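Descriptive structure summary
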Amino acid sequence: MSDRTGDLAVALFSELFMADQLARAELSRALPKGMELSHFSVLNLLARAGEERTPAQLARAFHVTRGAMTNTLARLEWAGHVHIRPDWDDARRKFVAISPAGRAARDAALQAIVPLIAGTVTALGEDRVRAALPVLRDLRQRFGGEE
C-alpha cells in the first residue's frame, strides 16, 4: 500500500468517525426526553419490519451483544414501547413487538429528527448526498459482511 493510499484511508475514516460522533450527539439532543438513540433505532426497525423479532435477531441487526440488546429491550418494555412474549414452541426464546405506545414514541422521534436531517441534506445539496450514498452503502456492506 502506498503512503498516499494510507493517508487517504486515514482521512476517510477520521471524517466518518467524527461525522458519526457529531451526528449521534445532534440526533440524541433532538430526540424526545428519555429516549436514547438505541431505543429509537430498535423501535424504528420493529415499526418498519412490521413483525416480531427475537432479541438475538435484534442484537445481530445492530451488531451488539445479546446483553446490550437485553438492556435496551428492558428499558423499552419498562416504558411500554415494546411487548416481549415467550415463544410458545420454545420456552427458551422470546419475541419482541412494538406496542402502540412504542409506535407513537417512534413517530414523535421522527417528527423531531426529520427536520434536522432534512436540513442537512438541503445544506449539502441533494445531488452530493445522492452521489455519496453508493460509497457509504458499499462501506457498510463491506464491514457488515454483506458482499
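Residues numbered from 1 in each chain as written. Predicted model: local features only at pLDDT ≥ 70, side-chain atom pairs only at ≥ 80, totals over all residues. Heavy atoms only, no water.

1. Some words on the UniProt feature "domain: HTH marR-type" (unreviewed entry) in the protein chain
Taken from the UniProt record, the annotation "domain: HTH marR-type" (unreviewed entry) applies to residues 9-141. Regarding residues 9-141, the helix share stands at 73% and the strand share at 8%, and the terminal C-alpha atoms are separated by 17 Å. (UniProt positions renumbered as here; feature names shortened; annotations may be inferred. Helix = DSSP H or I, 4+ residues; strand = E, 2+ residues; numbered from the N terminus.)

2. Here we look at the layout of surface pockets
Of the pockets and cavities examined, the largest pocket occupies roughly 2,200 Å³. Forming the boundary of the largest pocket are 41 residues, of which D20, A23, R24, L27 and L136 lie nearest the centre. Only helix 1 (3-30), helix 2 (37-49), helix 4 (66-78), helix 5 (100-124) and helix 6 (126-144) provide two or more residues apiece to the lining of the largest pocket. Considering each element in turn, the lining of the largest pocket owes the most residues, 11 residues, to helix 6. Here the lining of the largest pocket is composed, by residue class, of 26 nonpolar, 7 polar and 8 charged. Approximately 280 Å³ is the volume found for the second largest pocket. The wall of the second largest pocket is formed by T54, P55, A56, R66, T70, L73, A74, E77, I84, R92, R93 and K94. Elements with a contribution of two residues or more to the lining of the second largest pocket: helix 3 (55-62) and helix 4. Here the lining of the second largest pocket gets 5 residues from one element, more than from any other, and that element is helix 4. Along the lines of polarity and charge, the residues of the lining of the second largest pocket split into 5 nonpolar, 2 polar and 5 charged. (1 Å grid on protein atoms, 1.4 Å probe; cavity = no way out; pocket = protein on both sides within 12 Å on 5 of 7 lines; lining within 4 Å. Points joined across faces, edges and corners; volume = space filled by probe spheres on them. Nonpolar A, V, L, I, M, F, W, Y, C, P; charged D, E, K, R; others polar.)

3. Examining the packing of aromatic side chains
Tallying each qualifying case throughout the model produces 2 aromatic pairs. In textbook terms, an aromatic cluster arises when at least three aromatic residues are bridged by ring pairs, as seen for F13, F17 and F143. (Phe/Tyr/Trp six-rings, centres within 6.5 Å; stacked < 30°, edge-to-face > 60°.)

4. Description of unusual backbone geometry
Phi at H63 takes a positive value of approximately 55 degrees, unusual for a residue other than glycine. Mapped onto the secondary structure, H63 falls in the loop between helix 3 and helix 4.

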